[in-house]
Amino acid sequence: MSIATKYSPKEVENKWYSYWLEHKFFQSQPSEKPSYTIVIPPPNVTGVLHMGHMLNNTIQDVLIRKARLKGYNACWVPGTDHASIATEAKVVAKLKSEGVEKSSISRDEFLNHAWDWTNTYGGKILNQLQKLGASCDWDRVKFTMDDDLYESVIHTFIDLYNKGKIYRGYRMVNWDPEAKTTLSDEEIIHQEKQGKLYYINYHVEGTDETLCIATTRPETLFGDTAICIHPEDERYQHLKNKRAIVPVVNRSIPIIQDEYVDLEFGTGCLKVTPAHDENDKMLGDKHQLEVIDIFNDDATLNHYGLDYQGKDRFEVRKLFAKELEQKGHLIKVENHINKVGTSERTGAVIEPKLSDQWFLKMQDLAKPALDAVLTNKEVKLFPKKFENTYKNWLENVRDWNISRQLWWGHRIPAYYIGEGKNDFVVAKNADEALELAIQKTGNPTLSHADIHQEEDVLDTWFSSWLWPMSVFDGIRNPENEEFNYYYPTKDLVTGPDILFFWVARMIMAGYEYTDQKPFENVYLTGIVRDKQRRKMSKSLGNSPDALKLIEEFGADGVRVGLLLSNSAGNDLLFDEALCQQGKAFANKLWNAFRLIQGWEVSTEIEQPEHSKLALDWYAAKFQATLSEIEDHFSKYRISDALMQTYKLVWDDFCSWLLEIVKPAYQQAIDAKTLKSTLTLLEDNLKLLHPFMPFVTEEIWHNIKKRTTNEALIVATWPEQANFDVQFLKDFEITKDVISGVRNIRKEKNIAFKESLQLKLINNENFDAKFNTVVEKLCNLQPLQEVNEQVEGAFSFRVLANEYFIPIEGAVDVEAEKEKLFAELTYLQGFLKSVEKKLGNEKFVANAPEKVVAIEKQKQEDALAKIETVKTSLEALN
RNA sequence: GGGCGCAUAGCUCAGUUGGUUUAGAGCGUCUGGUUUACACCCAGAAGGUCGGGGGUUCGAAUCCCUCUGCGCCCA
């Protein structure tokens, strides 16, 4: 049978993915086995697969596949979230392109369009994940707007409201005038922007005097209700208790004093606009100032803006500055860099705005979430460094504004009865609301027509914070079998950018509703950037097409490429070369298999000594590496685990083991060696499978015919056994001897075909059994031990052993001497450093015995080696 | 302005409670190679004194201080 010299992933990947699906290997049901559960961070339903998803989901798949091999009942729950703002924006845009304005249709009509959109375009990303090899239980796909999850959200809202944790408040919120909704603090990106600082004169009422304020936002002047000065500011003492006149508007406003004013900034005079700045709001509350809101919902000015009514805030800024200038109020304009909040979703500049919103009190919820991570360590963050950030946020947590002025999402279950601020009830549905309303008002004649449900929906995170529970129906039905079996989940893999607004809140919800952690370990991945450290973004066009990458390098190649350079928490600088490396690795593995598979077996041949040794060595090496790999996994160092596996397979298995056991050209291999080699290859495949599921399953089935139950995906992870450390060390020395010979061949340009002699002075008393390995790999005649320097030979040393390759007449004595001198210099330098330590009385007295012993051993070794080098030098003289 | 973190080979990173031969890996670079598994390969080499300075210690990449540069979070 001839197989291609190059591994081609495409058909193989489709074949095995269908096979796994068909045989339901990804499916999980509660069983006797211990559970290992991961819930996917639900991607946005509007999303398409990007590099961040690829990394994130590759890591989850590695963890879940490894758990499956280790005999856990592995369950990976996939799903998407409804992404209120993003989805609503897409639907609005689509309707607009069809000539329909959102404002012209009813809420129900709009929701129908949104569902159509979701059903048509949504969830595409889940299909894309399959290409990556994701072994999710696809029978469990969830969506945050599914009926059961919707109910869970509503249930939670009502419960928290009844517990007194949800309240309505008139607060300063972050208003996105483009999406026309509020945003949470976390959804805002602060950017430095080049702006201007305008110096504007106000008349002091009843005098000829003026005072000058500095502002970055002259257009908010329409909403000014005070001027503020510092009580200790020498410059303005005479203004105390006077009033100022707002230019153009001609409104009289008080001049107040507050230590809040920064004496150094601008003129030391601050205009106060309580409706449009958080700090001004605070001043306004303190000094009982009037509040004048000058903006419409789309950030155009309302009637307070006088002539500018209906015009956009930025346009007004320019026009109004001009008017102020013409009228002599504008003194000067300076360039000024200030930080501006922009919407993560729409990019619009955020407008601080006062409005009625729903808030969730965070103080009590934060406490157990803080303890879980920092005190009880029930939830562990990887890498640990994020604990500080987590702590910082939770200790300074602010109430969560959970309402959004949108239609797409979970509609807040509050029903208004009248105009008053507290004239509402919270209930599961209109009927229950009516009942409550009658109770509350004592008016039995109320009907459905008298109550009206809140128009706003809940923040998307208010549904995803329940995700680990709600996907198993743990909110509505906490005693159900699945929830008890799968929850708490095991690992959560996500980005540090949502540590607060998702991870922390899930922990809060977990303790609030189950008194338990929602997951045990949180692995925080880095952000995928390009080679120049720029974030991948659509606008930069620096994000490669994920599916094309898979097409080009194979899913295994891309997975390996992404993982290789990614350590937890560090950003990943993506480079296609990494995928190329992954692809090459798959090909290497494929060819190793081809080699073994192509050997002809003979039962007549005895197992050669070198093969037996090499197989024993690899078995030991495998065990040593396995323990390192397990250690890496236990610390969530996935890339280190992969690199260990990579080197084990490429270097140890292919470059050493296979080269040693490989029969000579057109010779057969003995049956024993072949059998052992195949077993070892199978063990390799098990270790590799979580990283490279496709190529490993393919080779697994090519090795021999297997039944469904014998598929690699459900094989058994190799068991950890003891291994002989000394044996491994001896083999390393053997490798050094081989390198020594190879070096001489290379330096002296001696072809491999030319068989050589190797003689040694065995000062170290090495076991001669390793000689056969050296002979095989270096094409040598049987090694000979000698007692004296061999003349007319190239030489090298390994530890205190001396090796000689006799070559007639070809030895350049001077060159040899030079080489020996270099070695001698190094050794003497080394010896000096060791002896310096040993000569230090304090070192000998204070250092642990073990450390001193090591230094003494180093000294002895160095002395012995120096001796051999010197002897060689003398021999050349 | 407050807080946190980082700085080790050309690049990306390891280096676990300070001590196992004058610091490791992968990639890249360089040198050689038509050994029929693989050039998506094989063999080999060069390359850092651990950002600068100071301190603690018998001993510091590792602990402390300070300076410089960078990143992140919060205001």
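What you see is a predicted model, and the numbers here were worked out from it, not measured in a lab.

**A word on the nonpolar core**
One finds Met54, Leu360, Tyr390, Phe462, Trp465, Ile507 and Leu758 to be the most contacted residues of the largest nonpolar core, which totals 189 residues. No other element matches helix α19 (residues 638–661), which puts 13 residues into this core. In contact with Phe462, other than residues within four places in its own chain, are Val153, Thr156, Phe157, Leu160, Ile166, Leu360, Trp400 and Ile402. Residues Val204, Leu211, Ala244 and Leu324 belong to the second largest nonpolar core, which totals 28 residues.

**A few points about helix α1 (residues 9–22)**
Across its 14 residues, α1 extends 20 Å between first and last C-alpha, which sits within 8% of the 20 Å expected from 1.5 Å per residue. Along α1, the positions that sit buried rather than exposed are Pro9, Val12, Glu13, Trp16, Tyr17, Tyr19 and Trp20. One side of α1 carries all its buried residues, which in axial view fall inside an arc of 160 degrees. In α1, the exposed positions angled more than 90 degrees off the buried face are occupied by Glu11 and Glu22.

**Here's the deal with the protein's contact with RNA strand B**
Asn591, Tyr665, Lys746, Tyr826 and Phe830 are the nearest of the 49 residues found near RNA strand B. Counting only the atoms of RNA strand B within 4 Å of the protein, the fraction contributed by sugar and phosphate is 58%. Side-chain polar atom of Asn840 to a sugar or linking oxygen of RNA strand B: 2.7 Å apart, as the coordinates give it. Counting residues per element, the ones that place at least two in the surface near RNA strand B are α10 (386–395), α17 (576–598), α19, α22 (725–747), α24 (813–839), α25 (841–846) and α26 (849–876). Class assignment of the residues belonging to the surface near RNA strand B gives a composition of 17 nonpolar, 14 polar and 18 charged.

**Structural notes on unusual backbone geometry**
Cis geometry is adopted by the peptide bond preceding Pro383, which originates at Phe382 and carries an omega value of -5 degrees. Residue placement: Pro383 occurs in the loop between β15 (380–382) and α10. Of note, the amide linkage connecting Tyr487 to Pro488 takes the cis form, showing an omega dihedral of 0 degrees. On the secondary structure map, Pro488 appears in the loop between α14 (481–486) and β22 (489–494). Although it is not a glycine, Ala299 sits at a positive phi angle of roughly 65 degrees. With respect to the helices, strands and loops of the structure, Ala299 is situated in the loop between α7 (278–287) and α8 (313–326). A positive phi angle is found at Asn749, which is not glycine, with a value near 60 degrees.

**Here we look at the sheet that holds strand β16 (residues 400–401)**
Read from one edge to the other, the open sheet built from four strands follows the order β6-β5-β14-β16, with strand pairing classed as antiparallel. Of all strands in the sheet, those with a lone pairing partner are β6 (181–183) and β16, marking the two edges. Where strand β5 (residues 166–176) and strand β14 (residues 351–360) come together, 10 bridges link them in antiparallel fashion. Its bridge partner lying in β14, Gly169 is registered against Gln357.

**Re the sheet that holds strand β28 (residues 759–761)**
Strand order in the open sheet made by the four strands is β29-β28-β31-β30, with mixed pairing throughout. The open sheet has two edge strands with one neighbour each: β29 (784–785) and β30 (793–798).

**Some thoughts on empty space enclosed by the protein**
Counting across every chain of the model gives two cavities of 30 Å³ or more. Of the pockets and cavities examined, the largest cavity occupies roughly 150 Å³. Lining of the largest cavity is provided by 15 residues; of these, Phe766, Asp767, Phe770, Asn771 and Tyr803 occupy positions nearest its centre. Mapped onto the lining of the largest cavity, the elements with two or more residues apiece are α22 and α23 (771–778). Among the elements that line the lining of the largest cavity, the one with the most residues is α22, at four residues. In the lining of the largest cavity, the residues fall into nine nonpolar, three polar and three charged.

**Regarding the domain arrangement of chain A**
A common measure of how large an interface is: the accessible area buried when the components associate. Here chain A is described as being made up of domain 1 (1–26 + 34–165 + 368–396 + 460–525), domain 2 (192–351), domain 3 (547–723) and domain 4 (749–876). Centre-to-centre separation of domain 1 and domain 4, based on C-alpha positions: 60 Å.

Conventions used here
Residues numbered from 1 in each chain as written. Chains lettered and ligands numbered in written order. Predicted model: local features only at pLDDT ≥ 70, side-chain atom pairs only at ≥ 80, totals over all residues. Heavy atoms only, no water. Core = buried A, V, L, I, M, F, W, Y, C linked by side-chain atoms within 4.5 Å. Buried < 20%, exposed > 50% of the residue type's maximum accessible area, 1.4 Å probe, protein only. Helix = DSSP H or I, 4+ residues; strand = E, 2+ residues; numbered from the N terminus. Contact = heavy atoms within 4.5 Å. Expected span 1.5 Å × (residues − 1). Arc of directions from axis to C-beta. Near = heavy atom within 4 Å. Polar contact = N/O pair within 3.5 Å; in protein donor to acceptor, adjacent residues only side chain to side chain. Nonpolar A, V, L, I, M, F, W, Y, C, P; charged D, E, K, R; others polar. Pairing = 2+ DSSP bridges. 1 Å grid on protein atoms, 1.4 Å probe; cavity = no way out; pocket = protein on both sides within 12 Å on 5 of 7 lines; lining within 4 Å. Points joined across faces, edges and corners; volume = space filled by probe spheres on them. Domains from an automatic or database assignment.

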